[in-house]
Amino acid sequence: MTHEIAVIPGDGIGSEVIPAAIEVLEALEVDFEFTEAEAGDHLLEAGREPLPEATEALAAEADATLFGAAGETAADVIIPLRAAVDSFVNVRPARTYPGVDAVKSETDLVFLRENTEGVYAGHEDDLSENLSTLTRVVTDEAAERLAEYACEYAPEGFTIAHKANVMRKTDGRFRDAVARVAEENDVETDEVLIDALAMHLVLRPEEYDVIVTPNLAGDVLSDLAAGLVGGLGLLPSANVGPERALFEPVHGSAPDIAGEGIANPSATILSAAMLLDYLAEPEAAERVRTAVEATLEAGPRTPDLGGEGTTEDVTRAILSRL
Ligand code: NAI
Ligand code: MG
């Protein structure tokens, strides 16, 4: 079976790390048909829409999408792209690797972040010259879909992060819906307040495993976890919907290093491994992960990890270890 993959490199280092991941996918014994499409700042600068309809339509039809990063147009690009695959959960694993300096070497976490609503639902207004407001949206439907996914992902149990002591209605609804679905599925849960979780993650990340969070909290806390494990160059993610999914590194377009050829391709190659898992190619996924891990341990490494290797050096090393 040929998997149809939409490829959207985007801006900055997106267009450096995506070709690396495609090279890795092409080296496997899996049939792909890649179709590339454009999005991002470079289109806006050329007087075009940052997310052309054709790009959105491609993501809505492909079996899976691999996205690099957008720059200042990130919100205009990635939020509609996630919606194009009807993604209700953003899966963000953060773990340490042998050979990589980490603040906390025992970290092995997965965030399951609500991906459609909360404060990112887009209801923001300027009411007057000096007053702006934001409406936070929480529905049972979104929390339940997320919880059902979490029960399948972590049948051994998960942690629900919320701030229902203050946001009683919205986070209260979120917490109650997730806990209810977990109970119906005989999956154990515990709860933690988001602010306390931020502290716990810095002090004792090893006490957590799978964490289910509202949208904004998951965004922030997964970047915090990136800091614990050695930086954004290592964090992959999946935006999963009922019928398709979009895979992307957690990082952005990194204008400070774009064009230098030194971006760490690991986050994007690990995102490609998540794509393989999603397409029911677990052996290929494992081969990719093993090759990335071996390369992180033995080198070469890019400068963000203290090395002197280029994107190209690291990609060659991963390819040779496949
Ligand atoms: P960023 O993730 O682009 O960069 C943060 C820092 O991490 C920079 O110092 C960068 O050099 C480093 N870094 C990130 N990925 C790296 C990699 N693969 N290898 C080596 N170093 C890496 O976040 P920042 O600076 O906040 O945003 C830059 C632009 O990216 C902004 O325009 C922002 O809107 C956009 N952005 C886009 C996202 C997306 O498309 N999903 C997500 C986050 C930011
Ligand atoms: Mg973010």
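Residues numbered from 1 in each chain as written. Chains lettered and ligands numbered in written order. Predicted model: local features only at pLDDT ≥ 70, side-chain atom pairs only at ≥ 80, totals over all residues. Heavy atoms only, no water.

Each helix and strand counted, the chain has 11 helices and 12 strands in total. Its C-alpha radius of gyration of 19 Å places the chain within 12% of the 20 Å reference for a compact globule of 322 residues. For the chain, the spread of C-alpha atoms along the principal axes amounts to about 50 × 45 × 45 Å. Contacts in the chain between residues far apart in sequence, at least 24 positions, make up 73% of those at least 6 positions apart. About 14,400 Å² of surface is accessible on the chain, with carbon and sulfur atoms providing 47% of the total. On the chain, the mean spot of the 21 positive side-chain charges and the mean spot of the 63 negative ones are 6 Å from each other. (Helix = DSSP H or I, 4+ residues; strand = E, 2+ residues; numbered from the N terminus. Rg over C-alpha atoms; globule rule 2.2 N^0.38 Å. Contact = heavy atoms within 4.5 Å. Areas by Shrake-Rupley, 256 points an atom, 1.4 Å probe, with all protein chains shown as cover. Lys, Arg positive; Asp, Glu negative; His and termini not counted. Charge placed at Lys NZ, Arg CZ, Asp CG, Glu CD.)

If you walk through the whole model with that rule in mind, you get 18 salt bridges. Residue glutamate 23 is joined to arginine 316 by a salt bridge in which the shortest nitrogen-to-oxygen separation is 3.2 Å. Residue glutamate 23 is located in helix H1 (residues 14-26), and its partner arginine 316 is located in helix H11 (residues 311-321); the two are separated by 293 residues in the primary sequence. Among the residues examined, glutamate 23 registers a relative accessible area of 32% and is labelled partly exposed. (Salt bridge = Lys/Arg side-chain N within 4 Å of Asp/Glu carboxyl O. Buried < 20%, exposed > 50% of the residue type's maximum accessible area, 1.4 Å probe, protein only.)

This part takes up the pairing of strand S9 (residues 189-193). One ladder, built from five bridges, connects strand S8 (residues 158-162) with S9; its direction is parallel. Each residue of the ladder has a partner; that of threonine 159, found in S9, is aspartate 190. Following the chain from S8 across helix H6 (residues 170-184) to the adjacent parallel S9, one finds a crossover that is right-handed. (Pairing = 2+ DSSP bridges. Right-handed = clockwise from strand over helix to strand, strands pointing away.)

On the surface, Glu148, Glu152, Glu183, Glu184 and Asp186 cluster together into a negatively charged patch. Of all the secondary structure elements, the ones that give two or more residues to the negative patch are helix H5 (140-153) and H6. Along the polypeptide, aspartate 186 turns up in the loop between H6 and S9. (Patch = residues over 30% accessible without salt bridge, like charges linked within 9 Å, V, L, I, M, F, W, Y side chains within 5 Å.)

Once that is clear, we can look at the site of ligand 1. Surveying the vicinity of ligand 1 reveals 21 residues, the closest of which are Gly71, Glu72, Gly252, Ala254 and Asp256. The contact in question runs from an oxygen atom of ligand 1 to an N or O atom on the backbone of glycine 71, over 2.8 Å. Aspartate 256 places a polar side-chain atom, nitrogen or oxygen, 2.7 Å from an oxygen atom of ligand 1. For ligand 1, whose accessible area on its own is 800 Å², the fraction buried by protein is 70%. Taken together, the residues of the shell around ligand 1 sort by class into 11 nonpolar, six polar and four charged. (Near = heavy atom within 4 Å. Polar contact = N/O pair within 3.5 Å; in protein donor to acceptor, adjacent residues only side chain to side chain. Nonpolar A, V, L, I, M, F, W, Y, C, P; charged D, E, K, R; others polar.)

Glancing now at the packing of aromatic side chains. This model, assessed by the stated rule, comprises four aromatic pairs. Each ring, one from phenylalanine 88 and one from tyrosine 149, has its centre 6.2 Å from the other, and the planes form 80°; the classification is edge-to-face. Taken together, the residues span a long stretch of sequence, with phenylalanine 88 in the loop between helix H4 (74-84) and strand S4 (89-95) and tyrosine 149 in helix H5 at a distance of 61 residues. Relative accessible area serves as the criterion here: at 9%, phenylalanine 88 is assigned to the buried category. Judged by relative accessible area, tyrosine 149 falls into the partly exposed class, the value being 22%. (Phe/Tyr/Trp six-rings, centres within 6.5 Å; stacked < 30°, edge-to-face > 60°.)

For glutamate 117, the position within the fold is in the loop between strand S5 (108-114) and strand S6 (124-128). It turns out glutamate 117 is buried and unbridged, and the closest side chain with the opposite charge, arginine 173, is 8.1 Å from it. With residues near it in sequence (within four places) discarded, glutamate 117 still touches Val137, Val138, Thr139, Ala142 and Asn215.

Here we take up the sheet that holds S9. Strand pairing in a sheet relies on backbone hydrogen bonds, with the paired strands running either antiparallel or parallel. Strands sit in the order S2-S1-S3-S12-S11-S4-S5-S10-S8-S9 across an open sheet of 10 strands; the sheet is mixed. Looking at which strands have only one partner, the edges of the open sheet turn out to be strand S2 (32-36) and S9. With direction set aside, neighbouring strand axes in the sheet form an average angle of 25°. Of the strands in this sheet, S4, S5, S8, strand S10 (210-213) and strand S11 (236-240) are in contact with H5, which crosses S5 at around 155°. Against the sheet, helix H7 (residues 194-203) makes contact with S5, S8, S9 and S10, and its axis sits at roughly 95° relative to S9, the strand it touches most. (Axes fitted to C-alpha atoms, helices over the stretch in contact; angles between N-to-C directions.)

With numbering matched to this structure, UniProt assigns "domain: Isopropylmalate dehydrogenase-like" (unreviewed entry) to residues 4-318. In this annotation, residues 4-318 is assigned 41% helix and 21% strand; the end-to-end C-alpha distance for the span is 24 Å. (UniProt positions renumbered as here; feature names shortened; annotations may be inferred.)

Mapped onto the elements of the fold, histidine 162 is located in strand S8. Residue histidine 162 is classed as buried on the basis of its relative accessible area, which comes to 4%. For histidine 162 and isoleucine 194, which are 32 residues apart along the polypeptide, the C-alpha to C-alpha distance reads 5.4 Å. Excluding anything up to four places from it in sequence, histidine 162 contacts Asp171, Arg175, Glu191, Val192, Leu193 and Ile194.

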